[in-house]
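A look at the structure
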Amino acid sequence: MSGTRFGARGSLVSVHLADWERRLLAEMVGELRSNLLDHTPARDGGDGLDPSLRRLFPPAYLSDPDRDAEYQRLMRDELLAERLDHLDLLDSTLALEHLDDSQVTAWVQGLNELRLVLGTQIDISEEDDPADVDPHDPAQRPRLRYHYLGGLLAELIDAVER
């Protein structure tokens, strides 16, 4: 489906998603939002973070755990609010047929965040080939979603660059 879901229309990007795609994205956004709200520790410096969310809260100081803990304590709420804003804007614009620049940015960020978390959950690797995924196997659904998000993100970026 390359290049068919998004198109350039003046300063806007047109969106051509099927209803099932919009529902799927809304479901995935809701799941990630719930996961972020339920499994992101408070700013108390605790590390109760769901392992699948770690890519959304990357370390700032790899070689200094104390400095990194302080950074996480200070920045976690801001990073969480940013992630939730991306998801909220993506969710609130799923029904639109055209996106402006700020909406496109939220879509790119939100789709990438969905993809990062899902890739971590399923332990995706660079050797993972979409052609090896059986679309009829329910156990492969997360991999299908991961590759779907990657394709959707690439198509959106291509539309913006036209």
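Further up the page is the structure itself.
The structure reproduced in this document is the subject of the present report.

Parameters and conventions
Residues numbered from 1 in each chain as written. Predicted model: local features only at pLDDT ≥ 70, side-chain atom pairs only at ≥ 80, totals over all residues. Heavy atoms only, no water. Core = buried A, V, L, I, M, F, W, Y, C linked by side-chain atoms within 4.5 Å. Buried < 20%, exposed > 50% of the residue type's maximum accessible area, 1.4 Å probe, protein only. Helix = DSSP H or I, 4+ residues; strand = E, 2+ residues; numbered from the N terminus. Contact = heavy atoms within 4.5 Å. Expected span 1.5 Å × (residues − 1). Phe/Tyr/Trp six-rings, centres within 6.5 Å; stacked < 30°, edge-to-face > 60°. Pairing = 2+ DSSP bridges.

By size, the foremost hydrophobic cluster in this structure holds 35 residues, and its most contacted members are Leu-36, Trp-107, Leu-111 and Leu-114. Among the secondary structure elements, those contributing two or more residues to this core are β2 (12-15), α1 (19-39), α2 (65-92), α3 (101-121) and α4 (141-161). With residues near it in sequence (within four places) discarded, Leu-114 still touches Met-28, Val-29, Leu-32, Leu-87, Leu-90 and Leu-149.

Okay, α4 next. Since one α-helical turn is 3.6 residues long, residues separated by three or four positions face the same way. In this model α4 runs 30 Å from its N-terminal to its C-terminal C-alpha over 21 residues, within 8% of the 30 Å that 1.5 Å per residue would give. Within α4 the residues assigned to the buried category are Arg-145, Tyr-146, His-147, Tyr-148, Leu-149, Leu-152, Leu-153, Glu-155, Leu-156 and Ala-159.

Tallied over the full model, the rule gives three aromatic pairs. Judged by centre distance (6.0 Å) and plane angle (90°), the rings of Phe-6 and Trp-107 are edge-to-face. Here Phe-6 is found in strand β1 (residues 6-9), whereas its partner Trp-107 is found in helix α3, with 101 residues between them in sequence. Residue Phe-6 shares its accessibility class with Trp-107, and that shared class is buried.

This part covers the pairing of β1. Pairing analysis gives four bridges linking β1 to β2, with the strands arranged antiparallel. The residue bridging Gly-7 from the neighbouring strand is Ser-14, located in β2. Where β1 folds back onto β2 in an antiparallel hairpin, the turn is made up of two residues, including Gly-10, whose phi is positive at roughly 65°.

Further remarks concern the pairing of β2. Note that β2 and strand β3 (residues 98-99) share two bridges and pair antiparallel. Paired with Val-13 across the two strands is Leu-99, which belongs to β3.

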